[in-house]
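Commentary on secondary and tertiary structure
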Amino acid sequence: MKEPPGYCIPDFTDYFLSDSGAGSGYFFPSHQEAPVDSAMRFYMNRACFLLQKGWNSREAAEALGFPEYTFFCEMFRKYTGVSPDRYREWYNRLKHPP
């Protein structure tokens with residue numbers, strides 16, 4: 001398994017989604033979106049980067065701390081409009097045209 005790329009979902013979201021809501025009150029007014037949406041956008045951008053570097057979608061999901069592969073795929077599709085595997089195929093075609 002490759003070395004995880006840094007932040008993982010539990011580390012990042014614990015602060016913003018804690019029972020006390022410590023970060024939530026600060027976060028929403030300054031970003032105009034819920035903390036969980038911002039966190040997912042961050043992770044989907046990171047997933048795109050990993051897929052571009054040749055990681056497969058299961059490795060990316062695991063490295064980013066997603067508890068279930070299917071949840072990762074659902075969130076990736078929601079935020080990018082395509083599945084992780086389709087995204088990687090698309091990127092590889094752009095990088096290496098026929």
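Below you will find a few notes about this structure. (Residues numbered from 1 in each chain as written. Predicted model: local features only at pLDDT ≥ 70, side-chain atom pairs only at ≥ 80, totals over all residues. Heavy atoms only, no water.)

**Overview of the packing of aromatic side chains**
In the structure shown here, the tally under the stated rule is seven aromatic pairs. Ring centres of F66 and F71 lie 5.8 Å apart, and the angle between their planes is 50°; this geometry places the pair in the tilted category. Its relative accessible area of 7% is what places F66 among the buried residues. For F71, a relative accessible area of 30% corresponds to the partly exposed category. When the centroid spacing of 5.6 Å and the interplanar angle of 45° are considered together, the rings of Y87 and W90 count as tilted. Remark: W90 and Y87 occur in helix α6 (residues 84-95); sequence separation between them is three residues, near one turn of the helix. Taking relative accessible area as the criterion, Y87 reaches 12% and is therefore assigned buried. (Phe/Tyr/Trp six-rings, centres within 6.5 Å; stacked < 30°, edge-to-face > 60°. Buried < 20%, exposed > 50% of the residue type's maximum accessible area, 1.4 Å probe, protein only. Helix = DSSP H or I, 4+ residues; strand = E, 2+ residues; numbered from the N terminus.)

**Description of the side chain of S83**
Relative to the elements of secondary structure, S83 occurs in the loop between α5 (69-80) and α6. Of the polar contacts made by the side chain of S83, one reaches the backbone nitrogen of R86; its length is 3.1 Å. S83 has contacts with F76 and R77, leaving out every residue within four places of it along the chain. (Polar contact = N/O pair within 3.5 Å; in protein donor to acceptor, adjacent residues only side chain to side chain. Contact = heavy atoms within 4.5 Å.)

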